[in-house]
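In case you want the letters, here they are:
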Amino acid sequence: MPPVSRSASQPELTALFASVQQHFQDVIVPLWQGPGWNAEMALPYEALDAENQPLPPQRYRAMACARQLYLFSSLIGQVPAAQERAAALFRSLQQHFHDAEHGGWFYSIDPQGAPLDQRKDLYTHAFILFACAHYWDKVREPLVESVLNAALEVVAQRFATDDGLYEACLERDWSSLQTGPLQNPLMHLAEAFLATLSVREDAAAQGALVALCTAMQKHFIDPQTGVLMEKPLGAVDNWFEPGHQFEWYFLLESSPLLRGSKLHASLDRAFALTEQLGVDPQTRAVRAMLDLDGYPKDGTERIWAQAEYLRALTLRPSSEVAVLRQLQALQQQFLHEGGWYECRDAVGEVSRKDMPSTTPYHLATCYRGLVDYLR
């Protein structure tokens, strides 16, 4: 007999997830098709307020455009006009943010569309790479693949150092800002390499990904605990973030290429400690920042960290009860009939009521993990 799917064996979880998915498609996605979309600029506003009106724009970021490109690419075939919106976002990425003189993409433009912060940061380029890989997988247009290739080339030629790591930020003309490597952009670069490898064979991207994970193990993993720090080992005032710990775990555990690596072993070993120090046992909320002794540096509870913890739990052994509880916590504490709460403070009070355009990416990737889990 074929094995019973989790959707059949866990009816309570399946029903709850159906409700949460419906909320995403009926409430959250339309926010960015309607009030969150600046049709004149063909860009998403940075955030909506509690009344679902755009906050007065101070800037538009390439990273936010790329995250929304991923969002609507993921919805092609499921949501009306998703492909048209993805195409518009792809055009805007090139039109508004591409640096024709020096290559790469600007960090941000001002409300009128003029370049604002013209530095080149790895975080932005990682998301452009990630979004273009997913979009190209859906449309297979040569222009999209050429932008994907350009992003890979810029990352390899401009950001890479000689030790498997990458500079976090460079000047517009690629001169150094002495930032060095930082965990978060490196994690999203790993995610972008994985996205590239999921849509095509790419020996260079595969080699870069393996070298990156080897370097992360060497330079960012605390040898005592296996916890992955936000800055390289030895940096002043270092810390770790449970949400990023869970996010890395998912990327490594879900990849046949990376599962079994030393970095994967470290994150696997540290998972229980991260839960113990970083997750409130009553509310299931994930704390934002901790020092190595486990003391909170920031007790804010953010929706993205809840989503990453939930997604990571789908890959843990014997996790059925934990996955259900965590999805209940996400729905009850962070989702509401008009959208979502971005942050709660350390005592659970809503501390940020605006809804950034970047957050649906986290929910979309989390829900994709749950779809795979319930198969």
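Residues numbered from 1 in each chain as written. Predicted model: local features only at pLDDT ≥ 70, side-chain atom pairs only at ≥ 80, totals over all residues. Heavy atoms only, no water.

- Going by an unreviewed UniProt entry, the chain carries the name AGE family epimerase/isomerase and comes from Pseudomonas nunensis.

With respect to the packing of aromatic side chains
Logical step 1: Under the counting rule described, the total for this entry stands at 14 aromatic pairs.
Logical step 2: For the pair Y45 and Y60, a centre-to-centre distance of 6.4 Å together with 40° between the ring planes defines the contact as tilted. Residue Y45 is found in the loop between strand 2 (43–44) and strand 3 (47–48), and its partner Y60 is found in strand 4 (residues 60–61); the two are separated by 15 residues along the sequence. The same class applies to Y45 as to Y60, namely buried.
Logical step 3: Plain terms: the ring middles of Y70 and F130 are 4.9 Å apart, the flat faces sit at 40° to each other, and that makes the pair tilted. You can see Y70 sitting in helix 3 (residues 62–74) and its partner F130 sitting in helix 5 (residues 122–139), a full 60 residues away along the chain. Both residues of the pair, Y70 and F130, count as buried.
Logical step 4: Taken together, the aromatic side chains of Y70, Y123, F127, F130 and Y361 make up a single cluster linked through ring pairs.
Logical step 5: Sitting over the ring of W174, K120 keeps its end group 4.5 Å from the ring centre.
Logical step 6: A cation sits over an aromatic face here: R140 above W136, 3.9 Å from the ring centre. (Phe/Tyr/Trp six-rings, centres within 6.5 Å; stacked < 30°, edge-to-face > 60°. Helix = DSSP H or I, 4+ residues; strand = E, 2+ residues; numbered from the N terminus. Buried < 20%, exposed > 50% of the residue type's maximum accessible area, 1.4 Å probe, protein only. Lys NZ or Arg CZ within 6 Å of the ring centre and 35° of its normal.)

A word on the packing of helix 11 (residues 303–313) against helix 13 (residues 359–373)
Logical step 1: Interaxial distance between helix 11 and helix 13 falls to 9 Å at its minimum, and their mutual angle equals 15°. In terms of orientation, helix 11 lies roughly parallel with respect to helix 13. By crossing handedness, the relation of helix 11 to helix 13 is classed as left-handed. Residues I303, W304, A307, E308, L310 and R311 of helix 11 lie in contact with helix 13, whose contacting residues are T359, H362, L363, T365, C366, G369 and L370.
Logical step 2: Taken together, the residues of the contact of helix 11 with helix 13 sort by class into 7 nonpolar, 4 polar and 2 charged. (Axes fitted to C-alpha atoms, helices over the stretch in contact; angles between N-to-C directions. Parallel < 35°, antiparallel > 145°, perpendicular 65-115°, else oblique. Left-handed = near helix turned anticlockwise from the far one by under 90°. Contact = heavy atoms within 4.5 Å. Nonpolar A, V, L, I, M, F, W, Y, C, P; charged D, E, K, R; others polar.)

Quick look at unusual backbone geometry
Logical step 1: Phi is positive for A81, which is not a glycine, with a value near 70°.
Logical step 2: When you line up the elements, A81 lands in the loop between helix 3 and helix 4 (82–97).
Logical step 3: Here Q178, not a glycine, exhibits a phi torsion of approximately 60°, which is positive.
Logical step 4: Along the polypeptide, Q178 turns up in the loop between strand 7 (169–170) and helix 7 (183–199).

A word on the state of the cysteines
Logical step 1: If you walk through the whole model with that rule in mind, you get 0 disulfides.
Logical step 2: Not engaged in a disulfide, the cysteine C132 finds its nearest cysteine sulfur in C65; these two sulfurs lie 9.4 Å apart.
Logical step 3: No disulfide involves C169; its sulfur sits 19 Å from that of C65, the nearest cysteine.
Logical step 4: The buried category is assigned to C169, whose relative accessible area is 13%. (Disulfide = S-S within 2.5 Å.)

Brief notes about the pattern of salt bridges
For side chains of opposite charge, pairing can occur when their charged atoms come near one another.
Logical step 1: Counted under the stated rule, the structure contains 18 salt bridges.
Logical step 2: Of the charged contacts, one joins D137 and R140 as a salt bridge, the two residues approaching to 2.8 Å between their closest N and O atoms.
Logical step 3: Judged by relative accessible area, which is 43%, R140 ranks as partly exposed.
Logical step 4: Salt bridges linked by common partners bring D99, E101, K120 and R172 together as one network. (Salt bridge = Lys/Arg side-chain N within 4 Å of Asp/Glu carboxyl O.)

So, the sheet that holds strand 9 (residues 296–302)
Logical step 1: If you walk across this open sheet you meet the 4 strands as 8-9-12-13, and the pairing is antiparallel. The open sheet has two edge strands with one neighbour each: strand 8 (287–290) and strand 13 (350–352).
Logical step 2: Relative to strand 13, strand 12 (residues 343–344) runs antiparallel, the two sharing 2 bridges. When the sheet's bridge partners are listed, C343 is paired in strand 13 with R352. (Pairing = 2+ DSSP bridges.)

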